Amino acid sequence: MTTDRNSNISSSAALPRPLRRHMIAALISTPALPALAQFRVEVRDWVRANLPPDIKDAARRATSVFIEAPISLAWQKILHTKGWVAPSWPAEYGGPGWDERRQHIFMEECVRAGAPTLAPMGLKMVGPCIMRYGTPEQKAMYLPRLLSGEDYWCQGYSEPGA
């Protein structure tokens, strides 16, 4: 591959013609692509239809990546009704069971729509730890409450000066 002098992006046009044809054919014939495109449309349409203007406006006005709890929890509850609140969670624990491609598409479409981010402590840190190390009783008690937003986790520091 060669790189254009004025750009750091490599051009596929610099590839030998047979290799380009092979790459394009592989992309076109990948069975997952139509399903992923359809999934993207489904996510985009659902997020646009279900993201309330007041939540979108509050997310737009946020001055931090951490959105105020009332705003993020309101969006979390909406996502929870669809089963999409924890994109990386397996279905057995209440997540959608998506692969990485679908998780990425979901995140892209949420950003594109202007949706607020969700608090990561419970859904991305505590939940996976409970899934891995929790007892069956802990999983049954905490995981549904994390998904619904009934439990809101945070991190406290006890070190001097923290």
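Each residue is numbered by its place in its chain's sequence as written, counting from 1. Reporting in this predicted model follows two pLDDT cut-offs: at least 70 for local features of residues, and 80 or more for side-chain atom pairs to be given and counted; totals over whole chains, interfaces and linings ignore these cut-offs and use all residues. Excluded from the side-chain calculations are hydrogens and water; all other atoms, namely the structure's heavy atoms, are used.

J.: Give me helix α5 (residues 100-113): which residues, what numbers.
T.: Think of it this way: any DSSP run of H or I at least four residues long counts as a helix, any run of E at least two long counts as a strand, and we number them from the N terminus. In a helix, the anticipated span is given by 1.5 Å times the number of residues less one. Its 14 residues give α5 an end-to-end C-alpha distance of 20 Å, which sits within 8% of 20 Å, the value for a rise of 1.5 Å per residue. Exposed residues in this analysis have more than 50% of their type's maximum accessible area, buried residues have under 20%, and partly exposed residues fall in between, with area computed by a 1.4 Å probe over protein chains only. Looking at α5, one finds that the buried residues are Gln103, Ile105, Phe106, Glu109, Cys110 and Ala113. End-on, the buried residues of α5 take up no more than an arc of 165 degrees, which puts them together on one face. Seen from the open side of α5, the exposed residues pointing more than 90 degrees away from its buried face are Glu100, Val111 and Arg112. Just downstream of α5, Gly114 is the residue with a positive phi angle, here 85 degrees. Each C-beta atom gives one direction from the helix axis, and the arc is the one those directions make.

J.: Outline the packing of helix α4 (residues 69-82) against helix α7 (residues 136-148), listing residues and values.
T.: Axes here refer to lines fitted to C-alpha atoms; in helices the fit is confined to the stretch in contact. Angles between the N-to-C directions go from 0 to 180 degrees. Relative orientation of the contacting elements α4 and α7 amounts to 115 degrees, with a least axis distance of 8 Å. Between α4 and α7, the angle falls in the class roughly perpendicular. For the pair α4 and α7, contact is made by Gln76, Lys77 and His80 and by Leu146, Leu147 and Ser148, respectively. The classification used treats Ala, Val, Leu, Ile, Met, Phe, Trp, Tyr, Cys and Pro as nonpolar, Asp, Glu, Lys and Arg as charged, and all other residues, Gly among them, as polar. Looking at the contact of α4 with α7 residue by residue, the class counts come to 2 nonpolar, 3 polar and 1 charged. Each angle is binned into one of four classes, with values under 35 degrees roughly parallel, values over 145 roughly antiparallel, values of 65 to 115 roughly perpendicular, and all other values oblique. Should any heavy atoms of two residues lie within 4.5 Å, those residues are considered in contact.

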